[in-house]
Amino acid sequence: MTDAQKMVRLNLDLSPELNQILDELANKIGTSKSDVLRQAITLMQIMVIAKEETKKLGVPEANQLIVDEIIFSSEKQPKPNASEGFLETFGSWEDTRTAEEIVDEIYSSRTVSDRNYSL
């Protein structure tokens, strides 16, 4: 059995924009769209393995300095709900004084001014 006979055929729906990107990549590297997708899958596999091993994937310049880090998130992070975030702060204030002592301090720190203001 040849490699072609072992291949699995997939149908893929792409937006026109992604299809154009795929065409451009295939032309730049002189290969087929299928090859571009196979290479992309291999790169994604490397990223997943690196993440599992708590490694990072980066793009170095010629001098080996990492100029771009590729961040891969396999988990969809829920968008924070503003009211939930606010409610999480409840109870975070800690003080050894009672509520009455705090109120008394606030009232005692107030000052009254005898200045005359004119507009």
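This report concerns the structure included in the present document. Remember, predicted model here, so these are calculated numbers, not experimental data.

## A word on the overall build of the protein
In terms of helices and strands, the protein carries five helices and two strands. Counting from the amino terminus, helix and strand elements in the protein follow one another as α-α-α-β-β-α-α. When each of the 119 residues of the protein is scored for burial, the buried share is 5%. Within the protein, contacts between residues at least 6 apart in sequence are counted, and of these 12% link residues at least 24 apart. Working note: accessible area of the protein is about 11800 Å², and carbon and sulfur atoms make up 55% of it.

## Points about the pattern of salt bridges
Evaluation of the coordinates by the stated rule reveals three salt bridges. The partner of Asp23 in a salt bridge is Lys33, with the nearest N and O atoms 3.2 Å apart. Linking Asp23 in helix α2 (residues 16-29) with Lys33 in helix α3 (residues 33-52), this pair joins segments that are ten residues apart in sequence. Look at Lys33 and you get partly exposed, because its relative accessible area is 30%.

## Quick word on α2
Taking 1.5 Å of rise per residue, 14 residues should cover 20 Å, and α2 covers 20 Å from first to last C-alpha, within 8% of that figure. Phi turns positive one or two residues past the end of α2, at Gly30, with a value near 65 degrees.

## A few points about the packing of α2 against α3
With their axes 9 Å apart at the nearest point, α2 and α3 run at an angle of 95 degrees to one another. The orientation of α2 relative to α3 falls into the category roughly perpendicular. Judged by residue contacts, Asn19, Leu22, Asp23, Leu25, Ala26 and Ile29 of α2 engage Lys33, Val36, Leu37 and Gln39 from α3. Tallied by class, residues from the contact of α2 with α3 come to six nonpolar, two polar and two charged.

## Concerning a nonpolar patch on the surface
A cluster of nonpolar residues, Leu12, Leu14, Leu18, Ile21, Leu25 and Leu37, forms a patch on the protein surface that exposes about 500 Å² of accessible area. Broken down by element, the residue count for the nonpolar patch peaks at three residues, all from α2. Within the element layout of this structure, Leu14 appears in the loop between α1 (3-6) and α2. The partly exposed category is assigned to Leu14, whose relative accessible area is 35%.

Criteria and thresholds
- Residues numbered from 1 in each chain as written.
- Predicted model: local features only at pLDDT ≥ 70, side-chain atom pairs only at ≥ 80, totals over all residues.
- Heavy atoms only, no water.
- Helix = DSSP H or I, 4+ residues; strand = E, 2+ residues; numbered from the N terminus.
- Buried < 20%, exposed > 50% of the residue type's maximum accessible area, 1.4 Å probe, protein only.
- Contact = heavy atoms within 4.5 Å.
- Areas by Shrake-Rupley, 256 points an atom, 1.4 Å probe, with all protein chains shown as cover.
- Salt bridge = Lys/Arg side-chain N within 4 Å of Asp/Glu carboxyl O.
- Expected span 1.5 Å × (residues − 1).
- Axes fitted to C-alpha atoms, helices over the stretch in contact; angles between N-to-C directions.
- Parallel < 35°, antiparallel > 145°, perpendicular 65-115°, else oblique.
- Nonpolar A, V, L, I, M, F, W, Y, C, P; charged D, E, K, R; others polar.
- Patch = residues over 30% accessible without salt bridge, like charges linked within 9 Å, V, L, I, M, F, W, Y side chains within 5 Å.

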